[in-house]
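Results of the structural survey
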Amino acid sequence: MYKDFSNVERAFAPENAPVFKTNIPYITVDNFPTLGKLTALRFIEWVSQNPEGVISLPTGKTPEYFIEWVKKILKDWDTPDGEKMRLECGLNVDKKPSLADLRFVQIDEFYPIDPSQHNSFCNYVKKYYIDGFGMSYDKAQFIDCSQIPLWGGRSYKEIFPDGVIDLGLRYREPVTLEENRKRDSIFMIDDWCADYERKIRNMGGIGFFLGGIGPDGHIAFNTRGSDPYCTTRLTHTNFETQAAAAGDLGGIEISRIKPVITIGLETITYNPDAVAIIFAAGEAKAEVVADALEKEPSNLYPASSLVRLRNSRFYLTAGAASMLSESVYRYYATGQWNDAKRDRAVIDCINRLGKYGDKVTLDELKADKWCSMIPDLDEHTIDKVIESLKSKIKAGVSHLSNCKFYHTGPHHDDIMLGMLPHIHRISREESNSSDFAIMTSGFNAVTNSFLIQALESTMRMLCNGEIEMVKYQNFYTEGYKLKREKDIYHYLINVASGNATERMRGLAHRLVRCIVEIRNVKDTGELIIQINDIIRTTRHSYDGEKMSADIRLLKGMIREFEEELVWGFFGIRSENVHHLRLGFYTGDIFTEKPSLERDVMPVLDQLKQIRPDIISLAFDPEGSGPDTHYKVLQAIAQALREWSREEDISHIKIWGYRNVWYRFHPSDATHIVPVSLNAMGVFSNAFENCYLSQVNASFPSYKLDGKFSDLAKKIWVEQLSTVQRVLGKPFFYQNESPRLRTTHGLLFFKEMSVEEFLHTARELEKSVGGN
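Summary of the structure given here. (Residues numbered from 1 in each chain as written. Predicted model: local features only at pLDDT ≥ 70, side-chain atom pairs only at ≥ 80, totals over all residues. Heavy atoms only, no water.)

Focus on the overall build of the protein
This is how the line gets drawn: Under the scheme used here, helices are H or I runs from DSSP no shorter than 4 residues and strands are E runs no shorter than 2 residues, and both carry numbers assigned from the N terminus. Computation of the radius of gyration draws on C-alpha atoms alone. For the globule rule, the value is 2.2 Å times the number of residues to the power 0.38. The cut-offs for exposure are 20% and 50% of the maximum accessible area for each residue type, with area from a 1.4 Å probe on protein chains only; residues under the lower value are buried, those over the upper are exposed, and the others partly exposed. Here, Shrake-Rupley sampling with a 1.4 Å probe gives the accessible areas, and only protein chains in the shown set may cover a residue. Residues counted as positive are Lys and Arg, residues counted as negative are Asp and Glu, and His and the chain ends are not counted. Taken as the charge centre is NZ of Lys, CZ of Arg, CG of Asp or CD of Glu, depending on the residue.
Looking only at helices and strands, the protein has 29 helices and 17 strands in total. For 771 residues, the compact-globule formula gives about 28 Å, and the C-alpha radius of gyration of the protein, at 28 Å, lands near that figure. Buried positions account for 58% of the 771 residues belonging to the protein. When the accessible surface of the protein is totalled, it reaches about 31,500 Å², and 48% of it is carbon and sulfur. Here the protein holds 93 positive side-chain charges and 105 negative ones, and the gap between their average locations is 1 Å.

Written out as structure tokens, the structure is:
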């Protein structure tokens with residue numbers, strides 16, 4: 001497998017050859033930053049041999065550490081540390097390579113989009129690759145929508161004023177003059193795409209391709225079902241791709257209607273000597289990675305088309321590789337067997353067989369590839385797994401009292417989606433106290449259209465005299481700071497009464513307070529001017545644009561009000577809902593890495609003040625890219641390290657939860673919490689009535705075209721199904737406990753000691769410089 005590997009690849013490849021063959025060779029690394037390091041080293045290694053080569057590099061968030069490492073390696077080239085690192089990593093190149101003569105090919109782009117927008121891929125590649133790497137504009141091929149000719153020499157804004165492109169016009173007769181112009185323009189775009197392809201082939205094809213893999217398995221924008229021999233073209237995408245792009249474009253309402261221009265699978269593989277690398281991080285990518293590498297190559301798995309290239313590779317984190325046969329084999333064949341490993345093997349076997357645990361025979365376990373490895377496998381093995389699951393359910397329903405909880409979430413709604421049914425129950429015990437800390441402002445989740453609608457409603461109420469608090473004499477000096485709890489109560493009492501108008505008045509009250517604070521408003525006349533200014537500015541901004549700091553703050557304060565509403569639903573005061581607004585969250589494509597003073601110390605100070613017994617957090621040690629979850633986890637971990645240097649905190653327990661983005665296997669969870677239909681009803685009611693900006697699901701998961709609350713319930717039900725296969729349905733519906741009899745879903749979380757948690761989390765200073 002390793003005979004065609006480069007020196008860099010050999011340095012990162014395992015010593016032992018894999019047991020299981022894959023369609024395309026792959027290399028696994030420990031974490032996301034190291035993935036960027038490997039990819040950067042291999043890129044520089046290739047450039048040193050091909051200084052005038054043709055390259056295609058990806059956009060999005062996945063390349064963050066790749067870009068950072070390329071710059072770092074070149075910057076440190078002549079330093080002792082740089083030389084040592086290169087030798088250790090197999091980069092046996094003496095002369096520092098130049099990137100100036102490389103020929104760059106843009107992979108894809110939404111159409112139409114203004115190339116000056118920060119969320120256009122054309123803007124991205126110019127900023128981070130052409131300018132960032134010091135490459136030549138003259139030697140680059142861009143997909144610049146403003147330069148693609150259309151009917152009559154007109155712009156895309158004139159031909160497609162609403163941004164909607166009906167590709168069906170390729171195949172049907174237009175019925176209006178406007179449709180005729182659109183059809184002719186589409187054909188002209190098709191001609192432009194063919195010419196783009198021709199230019200790539202005239203250069204000999206792409207020599208170095210680096211790309212991510214999408215939630216449906218796409219590379220570039222070649223979605224599931226793409227012809228393995230497709231070329232550059234204008235095409236539509238599927239829901240999974242649209243959902244993944246929603247964050248870039250300002251909502252799925254935009255990504256649904258925008259087609260894309262993308263190079264094809266044949267474009268990538270045209271040069272038989274091309275180096276084509278797909279890199280992926282996190283468990284969320286594990287299934288599509290396994291499909292591409294282990295299933296028969298098919299148009300259902302676009303990345304499998306790279307099998308045609310002898311120099312194609314997958315670079316993966318351990319999470320992304322976790323479903324590969326080799327990874328599963330290594331998990332079971334190496335290291336000590338423990339209860340978790342035994343439980344995983346048996347639970348998976350039972351679910352694969354589609355039988356209930358009490359119907360599975362010892363012979364069937366012995367015939368299973370992984371269960372057959374269980375030491376002392378006998379007729380009691382399934383009984384041990386059953387008892388293990390029962391003990392986790394017992395832990396999940398155990399009564400807790402006199403506990404201080406510190407629940408943390410990277411974004412607003414993360415805690416609710418991950419833990420609400422359990423939090424609701426433990427908060428009923430009056431000796432318990434709960435504080436909630438949302439680590440980031442979350443302004444990216446509020447669309448421009450939602451902000452405009454909310455402000456227009458506020459303006460109407462203000463002009464109609466329905467916001468009476470502005471009439472109080474001291475409102476614009478001190479009054480706007482007072483009675484914030486009343487906004488929450490006013491809103492929630494009208495959830496109970498079903499009065500939508502009055503609910504919006506509660507939101508309007510809070511918006512007025514926020515605008516007075518943000519813009520230092522002195523009277524009602526100025527307030528009206530400021531509201532109109534924000535509406536006007538927002539309306540003239542493109543969707544997905546990074547807004548001014550004050551508008552970002554206002555959007556974030558909307559999310560903060562929503563979070564206060566959610567926990568107000570359960571009797572939690574707003575003073576116990578903390579908005580930390582950690583500074584690494586900036587709204588840029590690449591959020592900054594957490595820093596000690598700016599991001600860690602606020603968390604540490606709050607921990608010292610609250611002194612919790614139990615801390616809950618979104619538990620994603622590896623991350624699925626450079627996302628907020630990963631960086632918040634690092635900030636909390638570092639805060640705990642700092643605290644532990646000052647005093648003994650070994651008594652604190654950590655509850656790691658996962659929600660709509662990641663799941664625990666039952667064997668990995670320590671607590672299994674029953675979720676009733678009643679709890680699901682409360683959950684849905686709270687989500688739909690409190691998270692106003694999220695009800696329309698503008699930024700959905702690729703797993704469900706709908707609200708996050710619906711996806712969370714779907715996950716709970718699926719988790720129940722998995723466990724029911726082992727325990728049997730009668731365990732639940734015939735149980736002596738009323739709580740277990742009402743189980744219609746299961747919530748999983750993992751309890752850890754501080755030491756166990758810190759062992760899984762990388763230290764901040766290793767984020768780029770380590771390994």
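That covers the picture; the talk isn't over yet.
Side note on the sheet that holds strand 10 (residues 311-317)
To be explicit about the condition: Strands were regarded as paired on the criterion that DSSP finds at least two bridges between them.
The strand order across the open sheet built from 7 strands is 1-10-9-6-2-3-5, with neighbouring strands paired in parallel fashion. Sheet topology places strand 1 (26-29) and strand 5 (140-141) at the edges, where each strand pairs with a single neighbour. Pairing analysis gives 4 bridges linking strand 1 to strand 10, with the strands arranged parallel. By the bridge assignment for strand 10, Tyr 26 is matched with Phe 314.

Topic: the environment of Gln 694
For the record, the criterion: Pairs of residues are marked as contacts when any of their non-hydrogen atoms sit within 4.5 Å.
As for its placement among the helices and strands, Gln 694 is situated in the loop between helix 24 (677-690) and helix 25 (708-727). Filtering out sequence-adjacent residues up to four positions away, Gln 694 remains in contact with Asp 413, Ala 445, Arg 559 and Phe 687.

Side note on the pairing of strand 16 (residues 671-676)
Counting buried positions over the 6 residues of strand 16 gives 6, a clear majority of the element. The alternating pattern of strand 16 places His 671, Val 673 and Val 675 on one face and Ile 672, Pro 674 and Ser 676 on the opposite face, and all of these are buried. Direction of pairing for strand 16 relative to strand 17 (residues 743-753): antiparallel, over a ladder of 6 bridges. Residue pairing in the sheet places Ile 672 in a bridge with Phe 748 of strand 17.

Here we look at the sheet that holds strand 7 (residues 233-235)
The condition that has to hold: Note on method: axes are straight lines fitted to C-alpha atoms, helices fitted across the in-contact stretch only, with angles between N-to-C directions ranging 0 to 180 degrees.
Sheet architecture is open: 3 strands sit in the order 4-8-7, paired in antiparallel fashion. The two strands at the open ends of the sheet, each matched to only one other strand, are strand 4 (108-110) and strand 7. Strand-to-strand, the axes of this sheet are offset by a mean angle of 20°, without reference to chain direction. Both strand 7 and strand 8 (residues 260-262) contribute to a ladder of 3 bridges, which runs antiparallel. Within strand 8, the residue paired with Thr 235 across the bridge is Val 260. Strands in contact with helix 7 (residues 177-202) are strand 7 and strand 8; relative to strand 7, the strand with the most contacts, it is inclined by about 135°.

Considering the nonpolar core
Spelled out, the test is: Among the buried residues, those of types Ala, Val, Leu, Ile, Met, Phe, Trp, Tyr and Cys that are joined through side-chain atoms within 4.5 Å form a nonpolar core.
Counting residues in each nonpolar core, the largest one holds 76 residues, and the members touching the most others are Met 416, Val 470, Leu 527 and Trp 567. Leave out the neighbours within four places in its chain, and Met 416 touches Val 566, Trp 567, Phe 683, Ala 686, Phe 687 and Tyr 691. Residues Met 439, Ile 610, Met 752 and Leu 758 belong to the second largest nonpolar core, which totals 61 residues.

Brief notes about the packing of helix 18 (residues 484-497) against helix 19 (residues 500-519)
Convention followed: The scheme is simple: roughly parallel for angles under 35 degrees, roughly antiparallel for over 145, roughly perpendicular for 65 to 115, oblique for anything else. For any helix crossing, the convention is left-handed if the near helix is rotated counterclockwise from the far helix by under a right angle, and right-handed if that rotation is clockwise. Polar here means any residue other than Ala, Val, Leu, Ile, Met, Phe, Trp, Tyr, Cys and Pro, which are nonpolar, and Asp, Glu, Lys and Arg, which are charged; Gly is therefore polar.
Between helix 18 and helix 19, the shortest axis-to-axis distance is 7 Å and the interhelical angle comes to 160°. Classed by the angle they form, the pair helix 18 and helix 19 counts as roughly antiparallel. For the pair helix 18 and helix 19, the sense of crossing is left-handed. Touching Arg 484, Asp 487, Ile 488, His 490, Tyr 491, Asn 494 and Val 495 of helix 18 are Glu 502, Arg 503, Arg 505, Gly 506, Leu 507, His 509, Arg 510, Arg 513 and Glu 517, all from helix 19. Residues belonging to the contact of helix 18 with helix 19 are distributed by class as follows: 4 nonpolar, 4 polar and 8 charged.

Here's the deal with the side chain of Ser 388
Within the secondary structure, Ser 388 sits in helix 15 (residues 381-397). Once residues lying within four places of it in the same chain are set aside, the contact partners of Ser 388 are Arg 342 and Asp 343.

Overview of the layout of surface pockets
Quick note on the threshold: Only protein atoms enter the 1 Å grid used here. Points where a 1.4 Å probe fits but cannot escape make up a cavity, open sets with protein on both sides within 12 Å along at least five of seven lines make up a pocket, and a residue lines them when an atom lies within 4 Å of a point. Grid points are joined across faces, edges and corners, and a volume is the space filled by probe spheres set on the points.
Approximately 480 Å³ is the volume attributed to the second largest pocket. If you trace the second largest pocket, you find 18 residues lining it, with Pro 112, Gln 117, Lys 258, Tyr 542 and Asp 543 closest to the centre. A breakdown of the residues in the lining of the second largest pocket according to their chemical character gives 9 nonpolar, 4 polar and 5 charged.

Without other data, these values stay purely geometric and don't point to any function.
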